[in-house]
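Listed here are the chains, written in short residue letters.
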Number of protein chains: 2
Amino acid sequence: MDYYSDDLTALISELSKLPGIGVKSAQRLAFHIVSLPQESAERLAGSITKARNSIRYCKCCQTLTDREICPICQSPARDPSTIMVVENSRDLAAYEKTGRYNGRYHVLHGAISPALGIGPADIRLKELMARLQTEDVKEVIIATNSSLEGETTAMYISKLIKPTGIKVSRIASGVPVGGDLEYIDEVTLLRALEGRVEL
Amino acid sequence: MDYYSDDLTALISELSKLPGIGVKSAQRLAFHIVSLPQESAERLAGSITKARNSIRYCKCCQTLTDREICPICQSPARDPSTIMVVENSRDLAAYEKTGRYNGRYHVLHGAISPALGIGPADIRLKELMARLQTEDVKEVIIATNSSLEGETTAMYISKLIKPTGIKVSRIASGVPVGGDLEYIDEVTLLRALEGRVEL
């Protein structure tokens, strides 16, 4: 690609390493970036460096944050007796957006996947078990994804916690609100049937 | 979004300003970036700053490059008597990828659009006219897009050049190779019919 400048080619190559960004999108982004006012480009580059350098895991719930203890774990308004277990910080953010969950979280940073060689020791599970010993937890809500890995992880965690006597629950799976039955896969339809509630 | 770190929120906001990147994609990219090894994140940030700071317009063809004269204009292997006029550097790159065009280029950085208030003075047209006076050009191939703006620009340029006696041509428009007639719009179909060639 010597018809671009070397620096532009380097930028395209860096951008195309990002997830979901192909060569075409990387080109479009790179041409956009070099056409930005210099201070905007600097701000973008700076925000990358700053976010990467300041990021750490919350000592308590393991979510990505820039503090030792994240704002949620630190908040006195959150109920410390309920922990929702999620696969990653984006899932935490998704539940936070509902504005209706008032407990704390625990972020596993992954899910158990024998196919990918990811075992229980590779996700932040021992940190969860440690919390259950020191914190006064009454319920653990497992909100891992409804995928094979997510279900495997949920089963594993529930077996691990049950002997402690702490209540373990799993978020419901079924037909999404507003979903059209016609377009929903059979496994979900069966799950929705099994999980039916009396009206 | 105070459930993320401030720096992460800032990064998400910067990324979501990029074209074609919505908030969801920006989140996914940001979480990917902060999970990168520190040197990879630095390399990405550095490539943005470097590309933006070194970018300039080729003094001859106006393409984006990091030199005073771009590699194509400087190459003795390229035929200086043919100039292909394109709207932007990405279009130049698209023709370069064919590996079959051996002339030079001229990049307009836009197209005439009365609707958007972009006139002939807003694109690099006078630079093209200046080249025609100093360089020994025999043919100008207009390869602007086949959109309303592209066609308007092509007409305008051809009227401007015709009096100089230099040959002006326009790339063919018609059915894309491998295109299924059934899915092609009527304007293109009619254009392909008008432009039919004898076999």
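Residues numbered from 1 in each chain as written. Chains lettered and ligands numbered in written order. Predicted model: local features only at pLDDT ≥ 70, side-chain atom pairs only at ≥ 80, totals over all residues. Heavy atoms only, no water.

S.K.: Just checking my understanding: could you explain the overall build of chain A for this structure?
M.R.: Scanning chain A from terminus to terminus reveals 8 helices and 6 strands. In chain A, the succession of helices and strands from N to C terminus is α-α-α-β-β-α-β-α-β-α-β-α-β-α. What you see for chain A is a C-alpha radius of gyration of 21 Å, clearly larger than the 16 Å of a compact globule of 199 residues, by over 25%. Projected onto its principal axes, the C-alpha positions of chain A cover 65 × 45 × 35 Å. (Helix = DSSP H or I, 4+ residues; strand = E, 2+ residues; numbered from the N terminus. Rg over C-alpha atoms; globule rule 2.2 N^0.38 Å.)

S.K.: I would appreciate a short explanation of the pairing of strand β4 (residues 103-107) of chain A in the present structure.
M.R.: Consecutive side chains of a regular strand alternate in pointing toward one face of the sheet and then the other. Along β4 of chain A, 5 of the 5 residues are buried, which leaves the element largely enclosed by surrounding structure. Between strand β3 (residues 79-86) of chain A and its parallel partner β4 of chain A, the chain crosses via helix α5 (residues 89-98) of chain A, and the hand of that crossover is right-handed. (Buried < 20%, exposed > 50% of the residue type's maximum accessible area, 1.4 Å probe, protein only. Right-handed = clockwise from strand over helix to strand, strands pointing away.)

S.K.: Would you take a moment to explain the relation of the copies chain A and chain B for this structure?
M.R.: Here two copies of a chain appear, and what relates them is a rotation about an axis with a shift along it. For the pair chain A and chain B, the relating rotation is 180 degrees, the translation along its axis is 0.0 Å, and the fit reaches an RMSD of 0.1 Å. Both chain copies can therefore be described as sitting about a two-fold axis. No C-alpha of chain A approaches the rotation axis more nearly than that of Ala45 of chain A, which lies at 2.2 Å. Looking at chain A, 100% of its interface residues are interface residues in chain B too, so the copies touch through the same face. (Least-squares fit on C-alpha atoms with pLDDT ≥ 70 in both. Contact = heavy atoms within 4.5 Å.)

S.K.: Is there a simple way to explain the sheet that holds strand β4 (residues 103-107) of chain B in this structure?
M.R.: Backbone-to-backbone hydrogen bonds pair the strands of a sheet. The strands run either parallel or antiparallel. Residue and element names in this part refer to chain B. The 4 strands lie next to each other as β4-β3-β5-β6, forming an open sheet whose pairing is parallel. Looking along the sheet, the strands with just one partner apiece sit at the ends: β4 and β6 (167-170). Neighbour-to-neighbour, the strand axes of the sheet open up by a mean angle of 25 degrees, direction not taken into account. Across the sheet, helix α5 (residues 89-98) is in contact with β3 (79-86) and β4; its angle to β4 comes to roughly 160 degrees. Relative to β6, helix α7 (residues 148-161) is tilted by about 170 degrees, and along the sheet it contacts β3, β5 (139-142) and β6. (Pairing = 2+ DSSP bridges. Axes fitted to C-alpha atoms, helices over the stretch in contact; angles between N-to-C directions.)

S.K.: What should I look at first to understand the nonpolar core in this one?
M.R.: Side chains of nonpolar character tend, in soluble globular proteins, to be buried together. Leu11, Leu15 and Ile48 of chain A together with Leu11, Leu15 and Ile48 of chain B are the most contacted members of the largest nonpolar core, which totals 42 residues. At the level of secondary structure, the elements contributing two or more residues to this core comprise α1 (6-15), α2 (23-34) and α3 (38-54) of chain A together with α1 (6-15), α2 (23-35) and α3 (38-54) of chain B. (Core = buried A, V, L, I, M, F, W, Y, C linked by side-chain atoms within 4.5 Å.)

S.K.: Whenever I open this one, the domain arrangement of chain A confuses me. Can you help?
M.R.: Note on interface size: it is often stated as the accessible area lost on association of the parts. Annotation of chain A at the domain level lists domain 1 (6-54) and domain 2 (61-198). Computed over C-alpha atoms only, the centres of domain 1 of chain A and domain 2 of chain A are separated by 34 Å. (Domains from an automatic or database assignment.)

S.K.: Teacher, can you tell me more about the sheet that holds strand β5 (residues 139-142) of chain A here?
M.R.: All names here are of chain A. Here 4 strands make up an open sheet; going across it, the order is β4-β3-β5-β6 and the pairing parallel. Of all the strands in the sheet, just β4 and β6 (167-170) have a single pairing partner and so form its edges. The average angle at which neighbouring strand axes cross in this sheet is 25 degrees, direction not considered. Across 4 bridges, the pairing between β3 and β5 is parallel. When the bridges of β5 are listed, Thr82 appears paired with Glu139. Running at roughly 160 degrees to β4, α5 makes contact with β3 and β4 of the sheet. Contacting β3, β4 and β5, helix α6 (residues 125-134) crosses the sheet at an angle of about 145 degrees to β4.

S.K.: Any chance you could explain the pairing of β5 of chain A here in plain terms?
M.R.: Residue and element names in this part refer to chain A. Here β5 shows no split at all, with Glu139 and Ile141 on one side and Val140 and Ile142 on the other all buried. Direction of pairing for β5 relative to β6: parallel, over a ladder of 4 bridges. The residue bridging Val140 from the neighbouring strand is Val168, located in β6. Taking the sense of rotation as the criterion, the β-α-β connection linking β5, helix α7 (residues 148-161) and β6 turns out right-handed.

S.K.: Looking at this structure, how should I read the environment of Asp91 of chain A?
M.R.: Note that Asp91 of chain A resides in helix α5. Along the primary structure Asp91 of chain A and Pro163 of chain A are separated by 72 residues, whereas in three dimensions their C-alpha atoms are 27 Å apart.

S.K.: Looking at this structure, I do not really get α7 of chain B. What am I missing?
M.R.: Because each turn of an α-helix spans 3.6 residues, side chains separated by three or four positions end up pointing in the same direction. Residue and element names in this part refer to chain B. With 14 residues, α7 should reach 20 Å at 1.5 Å per residue; the first-to-last C-alpha distance of 20 Å fits that figure. Those residues of α7 that sit buried are Gly150, Thr153, Ala154, Ile157, Ser158 and Ile161. The buried residues of α7 occupy an angular sector of 130 degrees when the element is viewed end-on, so they sit on one face. Exposed residues on α7 whose side chains face more than 90 degrees from its buried face are Leu148, Met155 and Lys159. Elements in contact with the buried residues of α7: β3, α6 (125-134), β5 and β6. (Expected span 1.5 Å × (residues − 1). Arc of directions from axis to C-beta.)

S.K.: What is the right way to read unusual backbone geometry from this model?
M.R.: All names here are of chain A. Within the chain, Gln62 stands out as a residue other than glycine whose phi angle is a positive 75 degrees. Among the structural elements, Gln62 can be located in the loop between β1 (56-57) and β2 (64-65). Residues other than glycine seldom take positive phi values, yet His109 does so here, at roughly 60 degrees. Tracing the backbone through its elements, the reader meets His109 in the loop between β4 and α6. For His109, a relative accessible area of 26% corresponds to the partly exposed category.

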